[in-house]
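# Breakdown of the fold
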Amino acid sequence: PKTKVAALEQNMFRLRRSLARWARLAEQSAEAHVAFSHVLEVMGEISEVGGEERSAITEIRRARALSPENELAYIATEVRLLVKADQLRAARALADSALERWPTPRVEDAVFVLSLASLTGRLERVKVLLRDLSASPRFAPRVDGRPLVL
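The sections below set out a description of the structure shown in this document. The structure displayed is predicted, hence computed values, not measured ones.

## Describing the overall build of the protein
Per the secondary structure count, the protein includes seven helices and two strands. Of the regular secondary structure in the protein, the N- to C-terminal order runs α-α-α-α-α-α-α-β-β. Among the 150 residues that make up the protein, the fraction classed as buried is 37%. Considering only residue pairs separated by 6 or more positions, the protein has 41% of its internal contacts joining residues 24 or more positions apart.

## So, the packing of helix H3 (residues 56-66) against helix H4 (residues 71-84)
At a minimum axis separation of 9 Å, H3 and H4 run at an interaxial angle of 165°. With respect to each other, H3 and H4 are oriented roughly antiparallel. Helix-helix and strand crossings are classified by hand; for H3 and H4 the assignment is left-handed. Of the residues in H4, those touching H3 at Ala56, Ile57, Ile60, Arg61, Ala63 and Arg64 are Glu71, Tyr74, Ile75, Thr77, Glu78, Leu81 and Leu82. Tallied by class, the residues present in the contact of H3 with H4 amount to eight nonpolar, one polar and four charged.

## Here we look at the side chain of serine 29
When you line up the elements, serine 29 lands in the loop between helix H1 (4-25) and helix H2 (30-42). Contacts of serine 29, omitting those with residues within four sequence positions, involve Trp22 and Leu66.

## Points about the side chain of serine 55
Mapping serine 55 onto the fold places it in the loop between H2 and H3. With a relative accessible area of 0%, serine 55 lands in the buried category. At a separation of 3.4 Å, a polar atom in the side chain of serine 55 contacts the main-chain carbonyl oxygen of isoleucine 46. Residues contacting serine 55, with those up to four places away along its chain left out, are Leu40, Glu45, Ile46, Ser47 and Glu48.

## Things to note about the environment of threonine 58
Mapped onto the fold, threonine 58 is located in helix H3. Taking relative accessible area as the criterion, threonine 58 reaches 13% and is therefore assigned buried. Distance in space between the C-alpha atoms of threonine 58 and serine 37 is 7.8 Å, their sequence separation being 21 residues. Look past the residues within four positions of threonine 58 in its chain and what remains in contact with it is Glu48 and Glu53. Only 2.8 Å separates the side chain of threonine 58 from the backbone nitrogen of serine 55, close enough to count as a polar contact.

## Focus: unusual backbone geometry
Peptide bonds are, in most cases, trans, and in most cases residues other than glycine have a negative phi. One non-glycine residue, aspartate 86, adopts positive backbone phi at about 60°. Tracing the sequence through the fold places aspartate 86 in the loop between H4 and helix H5 (88-101).

## Describing the environment of valine 126
Secondary-structure assignment places valine 126 in helix H7 (residues 123-134). With relative accessibility at 13%, the residue valine 126 sits in the buried group. Distance in space between the C-alpha atoms of valine 126 and leucine 116 is 9.1 Å, their sequence separation being 10 residues. With residues up to four places along the chain from it excluded, the contact list for valine 126 reads Leu114, Ala117 and Ser118.

What counts as what
- Residues numbered from 1 in each chain as written.
- Predicted model: local features only at pLDDT ≥ 70, side-chain atom pairs only at ≥ 80, totals over all residues.
- Heavy atoms only, no water.
- Helix = DSSP H or I, 4+ residues; strand = E, 2+ residues; numbered from the N terminus.
- Buried < 20%, exposed > 50% of the residue type's maximum accessible area, 1.4 Å probe, protein only.
- Contact = heavy atoms within 4.5 Å.
- Axes fitted to C-alpha atoms, helices over the stretch in contact; angles between N-to-C directions.
- Parallel < 35°, antiparallel > 145°, perpendicular 65-115°, else oblique.
- Left-handed = near helix turned anticlockwise from the far one by under 90°.
- Nonpolar A, V, L, I, M, F, W, Y, C, P; charged D, E, K, R; others polar.
- Polar contact = N/O pair within 3.5 Å; in protein donor to acceptor, adjacent residues only side chain to side chain.

These results come straight from atomic positions and should not be treated as a statement about function.
Spelled out as structure tokens, the structure:
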């Protein structure tokens, strides 16, 4: 490639091709679908266009189906992708469903519920989650390096 931009573009298409192949060959690997979803998102292929079966959204959905233990994280990713694709009703419905399914998340999952509660305007739930997280030394929210006090 003659320019840095052309070289970066070429590398991105190579990465896309490699990850597409990995996702196809390792179709039962959630990690392969998540990685492919990320590169599709970066390339702007967020939702299905013109019958294209591969998109960031479809790949994260495949990962969700394959990895129940990471479902909440993948739901949060899917909600973000739906918002980026201007599919706001679908994003809201999925976020609402997740918030209902995880009323009291594990500390490790609270950040995902926190993001969904924030996005959907559930301020009381955000406050409770932040309070719970602040009690955990590992996940204590900070502002300018100082613990956040509610």
